Amino acid sequence: MAGNAWINGYLEAILHSGAAAIEEQKQAQVNEKGGHFNPTKYFVEEVVMGVDETDLYRTWIKVVATRNTRERSSRLENMCWRIWHLTRKKKQLESEENQRLAKRRWEREQGRRDATEDMSEDLSEGEKGDILAEMVQCESPNRRLQRNFSSLEVWSDDKKEKKLYIVLMSLHGLVRGENMELGRDSDTGGQVKYVVELARALAKMPGVYRVDLFTRQISSPEVDWSYGEPTEMLTAGAEDGDGNEIGESSGAYIIRIPFGPRDKYLHKELLWPYVQEFVDGALSHILNMSKVLGEQIGGGQPVWPYVIHGHYADAGDSAALLSGALNVPMVLTGHSLGRNKLEQLLKQGRQSKEDINSTYKIMRRIEAEELSLDAAELVITSTKQEIEEQWGLYDGFDVKLEKVLRARARRGVDCHGRYMPRMVVIPPGMDFSNVVIQEDAPEIEGEIAALGAGTEGSSPKAIPLIWSEVMRFLTNPHKPIILALSRPDPKKNITTLVKAFGESRPLRELANLTLIMGNRDDIDEMSSGNASVLTTVLKLIDKYDLYGLVAYPKHHKQSDVPEIYRLAAKTKGVFINPALVEPFGLTLIEAAAHGLPMVATKNGGPVDIQQALNNGLLVDPHDQQGIADALLKLVSEKNLWQDCRKNGWKNIHLYSWPEHCRTYLTRVAACRMRHPQWQTDTPGDETFVEEMSFNDSLKDVQDMSLRLSVDGEKTSLNESLDHAAAADGDPELQDQVKRVLSKIKKPESELKDTEGGKLDKLASKYPFLRRRRRLIVIALDCYDGKGCPEKKMIQVVLDILKAGRLDSQTARVTGFAISTAMPLSETLNFLKSAKIQVTEFDALICSSGSEVYYPGTYIEEDGKLFPDPDYASHIDYRWGCEGLKKTIWKLMNTPEGEGKSDCSSSPIEEDMQSSNAHCITYTIKDPKKVKKVDEIRQKLRMRGLRCHPMYCRNSTKMQTIPLLASRAQALRYLFVRWRLNVANMFVILGETGDTDYEELISGTHKTLIMKGVVAKGSDQLLRTTDLKDDIFPAESPFITSISDGAKAEEIANALKQISKGGQ
């Protein structure tokens, strides 16, 4: 039995590789050796080696080394079974992936159809035909480019007077301006170089005053001290026509924000729980810098960022939150995309989706990219392929629907809140200032031959040290160098290049191979993937006996890279990028600038580069022979080599930094410009400074009186003061109290305009919150089965109020806020039932962050509170209320896999009383039938709708609010609007809550979790995959908890202890 099973597994593994491949191998062996096809040898060389498993390969090595026949057979049988299981697992994963893709295609088509049907009601039959024709019309790239730029004003020197402030963000890796450690790890690569050079180049453009590049501050013994410096100047500001600098704060700077563990260097996969900390830190810097720039160039008004540009998923997520908090445009560059990586890894069939997510945190990365698409005005890509084949995988972008929406916008037709970000191709720039274009000269050969001249007492010509480091490997350094420069990453496909070189005798005779594979000290200390690639390369060099033909230096500096290109060009060599997929290919442009023709992968950015430069050949990265033939062709045909060299030089200006920045600023200028609209210094501000200061002192008196009222003795400020005076019996004190009471500002409802009896608008602009130094935010989602606040919440709130005032030193500067999913009416009813005056709170954040109220200041004539109009304007961005209502109702009543809705047993019912202009509220009738938040958001994105859906109040309500609104973002709005730093806020939560609960935990604010208060939340309806560990940290100096039943003193102690967190 065992023998038969072993044979069956053996045969299935061979057959799975494909009969065609066996026939090809058989024919090749017959042709080359004249012998017969050997299935055992084929099994070993093709099937075993074809399964890219390091441990499997090691097992095979052990099998070969085993001399005992029985032990060898046993190991061989075990290995065959492993291969059989691997192939079966691969088939299963491929089947699951095909089903998933088919479902996704159907959902995408359904979403596109729903969106166009909803919007077509506004169009005439002729317009419908025009849009349909536009969707299917084919355009040449030149025509499309001409049409896209026809209505844009190209950025020019005339923009000098603008003085823009631009913010760039790149969170991970080691970022500094000089001596960049590129290749040190997978996080410190081309993106680091790109963002630093972009910052420098933008700062030199006319009209740009300052550029800040935000990254992580790292104070760790693992890395150089320079990464712990909070600020690093990249370049000074531009000069005016007279040669004078235009401002002391102008120029480009690296701004390092501390977030996450201060003493650890973390790879990007581990940074996700700390993103909110970065956002709060960056927001604080931007507000300070906006004020400074306002004093320098803004006439006293803050200079807000012109644009916030996020690079990669983590910075994109951060940029989305920052642009939402500041209400300024956001730009996104993905660099590499999570969905594309997930697709590639699933196709390999070695890991399940769960395994991939565990290693790469891929689902958190994809969610961040989708959120970035929601908020981005503009997405910058390096190639058309990135738009069509990579961004096209995302729910938030559909090429066809984007064309429909753009057509409607051109006609001035309402899109009902639907939106797709604009994708534009702007290839990365390059600094060519250090590139010296030199035609071939007689001294070139002598310069290379100088190494050999340094013997027998002769003096060699001075050459770069890196040349010596490379050529010490080579027997004949005069031969053309085939240069590959990349990390030893499996995706870079270096092993296939070495095989192609090793198996091509003509290529070995004509050229040398130089592999610049990052920096290394010890292979055993490298990451497993990089170490595996490097080990394989060394084994292949030994297998093909390539000693003296291949150079692979251990170290090089960033400043050595131009010299490496120059060396390869002087030997009439070729640059090669054989990556399986190359998002762009910056090294190809660098090589072309130094006169090197290229051979590059046909997958990704190199296609566009070759079209622009016409300086080389494209190959299939899987075609080993094709790679060898292309290299041999360029090395052996000198006329072709010269033509490619000249073409590269002639067209390289298309990739210069000035060209890149000009296109960049032209595109950004075409975005919908927005920034905070309120005035920070109104004409009456100075008039009210003294009065506000006095009112603050009165508020302190009120704070003192509250210590009586929270015990149930008094609820009125005036009553408390009267009682205190009478109890004392001191006539002088009674007179003082009366004088104070006579000066207390009456409620706004009693303040009448002398002309028309209207609301005193000026006074209403300044809530007490403006002068607070601390804010305690009660965000406990404690509801019963009907969605009503539980009775125990009353005592909890009273204890928190009392705790905030126990310390007399902090009580006078401490304010309180409630953050809840309840509308204002229900919030007031709850406070009334607890006999708590609403004026004891500085702010009420209601309806899940869709409205903000300031008790005691923003009051209508009839005494009712009215919401902050600036906040309402702030969150209105991309809010399509009516379109959302229609779509959500249809989605909730459409069974999975069906296209028609069934309203007969709807799981939801619209709650008009709990809704407002920026919040659509539904009552959940059947929680088992509703869709989870991530599924709702996916389907809405596919229809071009951007919003913030959530379940709340113990899963009894569903709310949909604008994209920029949330309870967490409302706190950042208070920071921006009233300058109450988020770091001085204390957010009190339960152990669970509404589906926006996760957003409230992390950040630089202090979080106090009260255990046992909230028994059940709505988090089970949030998402299919649990991402909690990637949303907020398990441990943080900003987060603490207290046990069930804690009283005011314990709460006060906890607040005091956590206030020291992060210091």
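A few points on the structure. (Residues numbered from 1 in each chain as written. Predicted model: local features only at pLDDT ≥ 70, side-chain atom pairs only at ≥ 80, totals over all residues. Heavy atoms only, no water.)

**Considering the overall build of the protein chain**
For step 1, the next point in the chain: Of regular secondary structure, the protein chain possesses 38 helices and 25 strands.
For step 2, the next point in the chain: Across the 1063 residues of the protein chain, 55% fall into the buried class.
For step 3, the next point in the chain: In the protein chain, the proportion of contacts linking residues at least 24 apart, taken out of those at least 6 apart, comes to 72%.
For step 4, the next point in the chain: For the protein chain, the accessible surface area stands at approximately 46500 Å², while carbon and sulfur atoms represent 49% of it. (Helix = DSSP H or I, 4+ residues; strand = E, 2+ residues; numbered from the N terminus. Buried < 20%, exposed > 50% of the residue type's maximum accessible area, 1.4 Å probe, protein only. Contact = heavy atoms within 4.5 Å. Areas by Shrake-Rupley, 256 points an atom, 1.4 Å probe, with all protein chains shown as cover.)

**Observations concerning empty space enclosed by the protein**
For step 1, the next point in the chain: Counting across every chain of the model gives seven cavities of 30 Å³ or more.
For step 2, the next point in the chain: The volume enclosed by the second largest cavity comes to roughly 120 Å³.
For step 3, the next point in the chain: The wall of the second largest cavity is formed by 14 residues, among which Leu780, Met793, Ile818, Met822 and Phe830 lie closest to the centre.
For step 4, the next point in the chain: Put simply, the parts of the chain that give the lining of the second largest cavity at least two residues each are α30 (792-803), β16 (814-819) and α32 (824-833).
For step 5, the next point in the chain: The residue makeup of the lining of the second largest cavity, split by class, is 11 nonpolar, three polar and no charged. (1 Å grid on protein atoms, 1.4 Å probe; cavity = no way out; pocket = protein on both sides within 12 Å on 5 of 7 lines; lining within 4 Å. Points joined across faces, edges and corners; volume = space filled by probe spheres on them. Nonpolar A, V, L, I, M, F, W, Y, C, P; charged D, E, K, R; others polar.)

**Things to note about helix α34 (residues 881-892)**
For step 1, the next point in the chain: Taking 1.5 Å per residue, 12 residues should reach 16 Å; α34 reaches 16 Å between its end C-alpha atoms and fits that length.
For step 2, the next point in the chain: What α34 keeps buried is the set Cys881, Gly883, Leu884, Thr887, Ile888, Leu891 and Met892. The buried residues of α34 all sit within an arc of 150° when viewed along its axis, so they share a single face. (Expected span 1.5 Å × (residues − 1). Arc of directions from axis to C-beta.)

**Structural notes on the nonpolar core**
For step 1, the next point in the chain: If you look at the biggest cluster of nonpolar residues, it comprises 104 residues, and the most contacted ones within it are Met169, Phe214, Leu326, Trp391, Tyr854 and Leu974.
For step 2, the next point in the chain: Once you skip the residues sitting within four places of it in the chain, methionine 169 turns out to touch Leu213, Phe214, Phe278, Ile308, His309, Gly310, His311, Ala315, Ser318, Ala319 and Leu322.
For step 3, the next point in the chain: Formed by 72 residues, the second largest nonpolar core is a distinct cluster that contains Val470, Ile516, Ala628 and Leu631. (Core = buried A, V, L, I, M, F, W, Y, C linked by side-chain atoms within 4.5 Å.)

**Structural notes on the environment of arginine 878**
For step 1, the next point in the chain: If you trace the backbone, arginine 878 turns up in the loop between α33 (869-875) and α34.
For step 2, the next point in the chain: You can call arginine 878 buried: its relative accessible area is 7%.
For step 3, the next point in the chain: With 68 residues separating them in the primary sequence, arginine 878 and arginine 946 have C-alpha atoms 6.7 Å apart.
For step 4, the next point in the chain: If we ignore the near neighbours within four places in the chain, the residues touching arginine 878 are Leu373, Asp374, Ala375, Ala376, Glu377, Gly417, Tyr419 and Arg946.

**Quick look at the packing of helix α9 (residues 275-297) against helix α10 (residues 312-326)**
For step 1, the next point in the chain: At a minimum axis separation of 10 Å, α9 and α10 run at an interaxial angle of 45°. With respect to each other, α9 and α10 are oriented oblique. Read as a crossing pair, α9 and α10 show a hand that is right-handed. Facing Val275, Gln276, Phe278, Val279, Ala282, Leu283, Ile286 and Leu287 of α9, the residues of α10 in contact are Asp314, Asp317, Ser318, Leu321, Leu322, Ala325 and Leu326.
For step 2, the next point in the chain: Residues that form the contact of α9 with α10 fall into these classes: 11 nonpolar, two polar and two charged. (Axes fitted to C-alpha atoms, helices over the stretch in contact; angles between N-to-C directions. Parallel < 35°, antiparallel > 145°, perpendicular 65-115°, else oblique. Left-handed = near helix turned anticlockwise from the far one by under 90°.)

**Some points on the pairing of strand β12 (residues 574-577)**
Along a regular strand, successive side chains alternate from one face of the sheet to the other.
For step 1, the next point in the chain: Side chains Val574 and Ile576 of β12 all project onto a buried face; the interleaved residues Phe575 and Asn577 project onto the opposite face, where all are buried too.
For step 2, the next point in the chain: Note: strand β9 (residues 481-485) against β12, two bridges, orientation parallel. Residue pairing across strands places isoleucine 482 opposite valine 574, the latter belonging to β12.
For step 3, the next point in the chain: By the bridge criterion, three bridges tie β12 to strand β13 (residues 598-601) in an arrangement that is parallel. Within the sheet, the bridge partner assigned to isoleucine 576 lies in β13 and is valine 599. (Pairing = 2+ DSSP bridges.)

**A look at the packing of aromatic side chains**
For step 1, the next point in the chain: This structure, assessed with the given rule, holds 10 aromatic pairs.
For step 2, the next point in the chain: Here the aromatic rings of phenylalanine 214 and phenylalanine 278 are separated by 6.4 Å at their centres, their planes lie at 85°, and the arrangement is edge-to-face. Of the two residues, phenylalanine 214 sits in strand β2 (residues 208-216) while phenylalanine 278 sits in helix α9, which places them 64 residues apart along the sequence. Here the two residues phenylalanine 214 and phenylalanine 278 agree in accessibility, since each one is buried.
For step 3, the next point in the chain: Ring-pair connections join several aromatic residues into one group, and the members of that group are Tyr854, Tyr858, Phe866 and Trp978.
For step 4, the next point in the chain: Between the NZ or CZ atom of arginine 210 and the centre of the ring of tyrosine 253, over which it lies, the distance is 4.1 Å.
For step 5, the next point in the chain: The ring centre of tryptophan 978 lies 4.2 Å from the NZ or CZ of arginine 977, which sits over that ring. (Phe/Tyr/Trp six-rings, centres within 6.5 Å; stacked < 30°, edge-to-face > 60°. Lys NZ or Arg CZ within 6 Å of the ring centre and 35° of its normal.)

**Thoughts on unusual backbone geometry**
For step 1, the next point in the chain: Even without being a glycine, lysine 163 presents a positive backbone phi close to 55°.
For step 2, the next point in the chain: You can see lysine 163 is positioned in the loop between α7 (141-150) and β1 (164-169).
For step 3, the next point in the chain: Even without being a glycine, lysine 361 presents a positive backbone phi close to 50°.
For step 4, the next point in the chain: The residue lysine 361 is located in the loop between α12 (353-360) and α13 (362-375) in this model.

**Some points on the sheet that holds strand β7 (residues 378-381)**
For step 1, the next point in the chain: As summarised here, the arrangement of the eight strands in space is β3-β4-β2-β1-β5-β6-β7-β8, forming an open sheet in which the pairing is mixed. Of all strands in the sheet, those bounded by a partner on one side alone are β3 (231-236) and β8 (422-425). Along the sheet, successive strands turn relative to each other by an average axial angle of 20°, direction set aside.
For step 2, the next point in the chain: Both β2 and strand β4 (residues 251-257) contribute to a ladder of seven bridges, which runs parallel. Bridged to valine 211 within β4 is alanine 252.

**Regarding the sheet that holds strand β20 (residues 920-924)**
For step 1, the next point in the chain: Ordered by their spatial adjacency, four strands build an open sheet running β19-β20-β22-β21, and the pairing between neighbours is antiparallel. Lying at the two open borders of the sheet, with one neighbouring strand each, are β19 (908-910) and β21 (948-952). Strand-to-strand twist of the sheet, defined as the mean angle between neighbouring strand axes without regard to direction, takes the value 25°.
For step 2, the next point in the chain: As judged from the four bridges shared by β20 and strand β22 (residues 957-961), these two strands associate in the antiparallel manner.

**Looking at α13**
For step 1, the next point in the chain: End to end, α13 covers 20 Å across 14 residues, agreeing with the expected 20 Å (1.5 Å per residue, within 8%).
For step 2, the next point in the chain: Of all the 14 residues making up α13, 12 are buried; the element is thus mostly covered by neighbouring parts of the structure.
For step 3, the next point in the chain: Among the residues of α13, those classed as buried are Ile362, Met363, Arg364, Arg365, Ile366, Ala368, Glu369, Glu370, Ser372, Leu373, Asp374 and Ala375.

**Some points on the pairing of β13**
For step 1, the next point in the chain: Crossover β12 to β13 through helix α22 (residues 586-593) is right-handed.
For step 2, the next point in the chain: Two strands pair when backbone bridges link them, and β13 and strand β14 (residues 616-619) are joined in this way by four bridges, in the parallel orientation. Counted as the bridge partner of threonine 601 is valine 619 from β14.
For step 3, the next point in the chain: Chirality of the crossover, the property in question, places the unit of β13, helix α23 (residues 606-613) and β14 among those that are right-handed. (Right-handed = clockwise from strand over helix to strand, strands pointing away.)

**What to know about the environment of proline 562**
For step 1, the next point in the chain: Inspection of the secondary structure puts proline 562 in helix α21 (residues 561-570).
For step 2, the next point in the chain: As a C-alpha pair, proline 562 and alanine 591 span 29 residues in sequence and 8.5 Å in three-dimensional space.

**Digging into the pattern of salt bridges**
For step 1, the next point in the chain: Going through the model one piece at a time under the given rule, you end up with 46 salt bridges.
For step 2, the next point in the chain: Residue aspartate 224 pairs with arginine 176 through a salt bridge whose shortest N-O separation is 3.2 Å. Here arginine 176 lies in the loop between β1 and α8 (190-203) and aspartate 224 lies in the loop between β2 and β3, a separation of 48 residues in the sequence.
For step 3, the next point in the chain: A salt bridge links arginine 772 to aspartate 842, with the nearest nitrogen and oxygen atoms 3.4 Å apart. Here the residue arginine 772 occupies a position in the loop between α29 (731-743) and β15 (774-778), and aspartate 842 occupies one in the loop between α32 and β17 (843-846), the gap between them amounting to 70 residues. Accessibility assignment for this pair places arginine 772 and aspartate 842 in one class, buried.
For step 4, the next point in the chain: Here the salt bridges share partners, and the residues they tie into one network are Arg104, Arg339, Glu370 and Asp395. (Salt bridge = Lys/Arg side-chain N within 4 Å of Asp/Glu carboxyl O.)

**Quick notes on the packing of α12 against α13**
How two helices pack is summed up by the angle between their axes together with the distance between the axes.
For step 1, the next point in the chain: Relative orientation of the contacting elements α12 and α13 amounts to 80°, with a least axis distance of 6 Å. One way to sum up the angle between α12 and α13 is to call them roughly perpendicular. Of the residues in α13, those in contact with Lys353, Ile356, Asn357 and Tyr360 of α12 are Ile362, Met363 and Arg364.
For step 2, the next point in the chain: Looking at side-chain class alone, the contact of α12 with α13 contains four nonpolar, one polar and two charged residues.

Limitation: the analysis is restricted to geometry and does not speak to function.
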